[in-house]
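# Architecture at a glance
One letter stands for each residue in the lines below.
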Amino acid sequence: MGDTALTVEFGDEISEAVSRAVRAYKIALERADLPGVVELVPTYRSLTVHYDPAVLSYHALRERLEALTDGLGDVELPPGRVLEIPVLYGGEAGPDLAFVAEHAGLSEEEVVRIHSSAEYLIYMLGFTPGFAYLGGMSERIAAPRLTQPRVRIPAGSVGIAGTQTGVYPIDSPGGWRLIGRTPMKMYDPHREPPILPEAGDYMKFYPVTQAEYDAILRDAEAGTCAVKTHAREEV
Amino acid sequence: MSIRVLQPGIQTTVQDLGRFGYQQYGVPVAGAMDPRSLKLANIILDNEPGEATLEITVTGPQLEFTEANYIALTGGDLGAVLDGRPVPRYEAVKVEAGQVLRFLGLRSGCRAYLAFAGGLDVPAVMGSRSTYMKAKIGGYEGRRLEAGDELRFRAPRPELAFAERRKLGIDFVPQKEYSLRVVWGPQDDHFTEAGRRTFCSEVYTVSAESDRMGCRLEGAVIEHQSGADIISDGIAMGAVQVPAAGLPIIMAADRQTTGGYPKIAAVISADFRYLGQLKGGDKVRFVPVTVEQAQNSRKLDEQYYRMIRAFLDRDRAMEYN
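Residues numbered from 1 in each chain as written. Chains lettered and ligands numbered in written order. Predicted model: local features only at pLDDT ≥ 70, side-chain atom pairs only at ≥ 80, totals over all residues. Heavy atoms only, no water.

## A look at the domain arrangement of chain A
Residue and element names in this part refer to chain A. Put simply, the test is: Note that the domain bounds reflect an automated or database-derived domain assignment. Contacts are residue-level and defined by heavy atoms, with any inter-residue pair within 4.5 Å sufficient. Reported buried area values correspond to the accessible surface (1.4 Å probe) lost by two parts on association, with both partners' losses combined.
Partitioning chain A into domains gives domain 1 (5-74) and domain 2 (81-231). The C-alpha-based centres of domain 1 and domain 2 are spaced at 30 Å. In this complex, domain 1 contributes nine residues to the contact, which on the side of domain 2 involves nine residues. Buried area between domain 1 and domain 2, summed over both chains or domains, comes out near 780 Å², and the portion from carbon and sulfur atoms is 58%. For the domain 1 face of the interface with domain 2, the top three residues by lost area are Glu-16, Arg-23 and Tyr-44, together amounting to 55%.

Encoded structure:
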């Protein structure tokens, strides 16, 4: 792309296999630590390599990238991290939970149980700082977007759009059906690291009560709240 | 306090060369729309080339200095006057406490860069002082300047050695029609042969709806092969997206990190100097070049920066001999 970026494509579909290939390549490239590589941006199906043309020429980079492809079989993927994200479902925090339940022909409790039982693969981040594109939501709780998007959705809102689910990291406009809200700050520019999720991680939601939500929110605002994670068991 | 903002102008923001390293987390790079003008302003003042400056758009602010320092103004000509007297562009200019810098109106280009010897004292957020307004980060409280804001110099140098000799010729020259050099791809194969021909033979007009996120163009429709959606991939500065309607958008400093429209080509980095100066009504045409040509141009630019730094430092070098 121009003279400052190069995109390596691994397929033309959204699948865990393609995503794993992207992740393996990213890890191999990070280990290679090439001078002149500025940063790497993984997406569903590709890895964009931003580089400094004053340090690294297109041809030199391309050669190194092709050489890396040959050794890819040797890259052992570390087990995915699972981020455990507390969610207060329904009520004011999730004004569309009733709609999603009705649309699915399920009770609200069943929607919450289904939504909070899966481990969702984080394919990529984009759209806004810290917005994770998640895969693997059950089609049973899929719901259409709002016909008229909301002007302001509070940070932390958890929504459903079609078969996608996700968390709004900052206040923003949007058309997703909101089923709950997390007190965790997915994004905080003054924290290290500023953003919790990373492509290749998994996200698992768990329901909390209003009292638990308030307690976590207090800790999150005081900066004393670390996200819980566990290593994913391969299935 | 060093600068009091009396009037903010349409859009005056603190920018450096951008926030790198966080695109994989969805954080846009932001930074100067015209990085060359930013670098030249800093080099004139013997700053690091990527020091934070004010990026001033179309209608300039009114700034009252409350502390002496040297400033340099580059990029588009916005008609700057200091206490009523025209401020020469592309040279070090002394400002004294109590003086007021104003801008009478746009004469050329779209954006001016105002650098300060020793830089601006705003906190770096994720490694950069650039303002990214949508997420309210960087620069001055994450937003454009407003009347009443007070900015501080970081390390002002009211005595700048051989200041009167720290000047360059005018570097930004407006064109009747801007030729933007592009490298094809990554999705040029999503367009028909006719579509690619349209792209590099027609003259496009910059839309008034252009902003720091993207430069929207009006003109001949570029024909897609089949559909205008791709599975999202990364976006670089200068990438030319063509959504379903067939009109190109050149992605600029505040672009999103990923996107789902095919990119027919990308403007080369040596020509961001023009991309950052385009405003509604300007004419552009795309000229395909090879990536080797693009990188040679970029190398020449880097050589030029080194050369002018040596040139501006000539008196000091003599002194040490």
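## Description of the pattern of salt bridges
Should their charged atoms come close, side chains of opposite charge can pair. The cut-off we apply is this: Any Lys or Arg side-chain nitrogen located within 4 Å of an Asp or Glu carboxyl oxygen qualifies as a salt bridge. Secondary structure elements are defined from DSSP: runs of H or I of at least 4 residues count as helices, runs of E of at least 2 residues count as strands, and each element is numbered from the N terminus. Note on exposure labels: buried denotes an accessible area under 20% of the residue type's maximum, exposed denotes more than 50%, and partly exposed covers the range between, all computed with a 1.4 Å probe on protein chains only.
This structure, assessed with the given rule, holds 33 salt bridges over all chains. With a shortest N-O distance of 3.5 Å, Glu-9 of chain A and Arg-45 of chain A are connected by a salt bridge. Of this pair, Glu-9 of chain A sits in strand S1 (residues 5-9) while Arg-45 of chain A is found in the loop between strand S2 (37-42) and strand S3 (46-51), placing the two residues 36 residues apart along the sequence. On the accessibility criterion, Glu-9 of chain A (44% relative accessible area) is partly exposed. A relative accessible area of 3% means that Arg-45 of chain A is categorised as buried. For Asp-313 of chain B, the salt bridge is made with Arg-166 of chain B, and the minimal N-O distance between the two is 3.0 Å. Here Arg-166 of chain B lies in the loop between strand S11 (150-151) and strand S12 (178-184) and Asp-313 of chain B lies in the loop between helix H4 (291-312) and helix H5 (314-320), a separation of 147 residues in the sequence. Side by side, Asp-313 of chain B and Arg-166 of chain B carry an identical accessibility label, which is buried.

## So, the pairing of strand S4 (residues 62-65) of chain B
Residue and element names in this part refer to chain B. Defined as follows: For two strands to count as paired, DSSP must find a minimum of two bridges between them.
Summarising the sheet, strand S1 (residues 3-7) and S4 pair through four bridges and their orientation is antiparallel. Bridging across to S4, Gln-7 finds its partner in Gln-62. As paired elements, S4 and strand S9 (residues 100-103) share two bridges and run antiparallel to each other. Across the sheet, the residue bridging to Leu-63 is Leu-101, located in S9.

## Considerations on the interface of chain B and chain A
This is how the line gets drawn: Within 3.5 Å is the distance limit for a polar contact, defined as a pair of N or O atoms, with the added protein rule that one can donate a hydrogen and the other accept it, and that residues adjacent in sequence qualify only through two side-chain atoms. Classes in brief: Ala, Val, Leu, Ile, Met, Phe, Trp, Tyr, Cys and Pro nonpolar; Asp, Glu, Lys and Arg charged; the others, Gly included, polar.
Listed by partner, the interface residues are 40 residues for chain B and 46 residues for chain A. Summed over both partners, the interface of chain B with chain A buries about 3200 Å², with 60% contributed by carbon and sulfur atoms. For the chain B face of the interface with chain A, the top three residues by lost area are Gln-24, Tyr-25 and Ile-231 of chain B, together amounting to 22%. Our count for the chain B to chain A interface comes out at two salt bridges. A salt bridge links Arg-45 of chain A to Asp-233 of chain B, with the shortest nitrogen-to-oxygen separation between them at 3.4 Å. At the boundary of chain B and chain A, one finds 15 residue pairs in polar contact (both at pLDDT 80 or more). Secondary structure elements with two or more residues in the side of chain B that touches chain A: strand S15 (233-234), strand S19 (263-267) and H4 of chain B. When residues in the side of chain B that touches chain A are grouped by element, the largest group, seven residues, is from H4 of chain B. Looking at the side of chain B that touches chain A, its residues break down into 21 nonpolar, twelve polar and seven charged.

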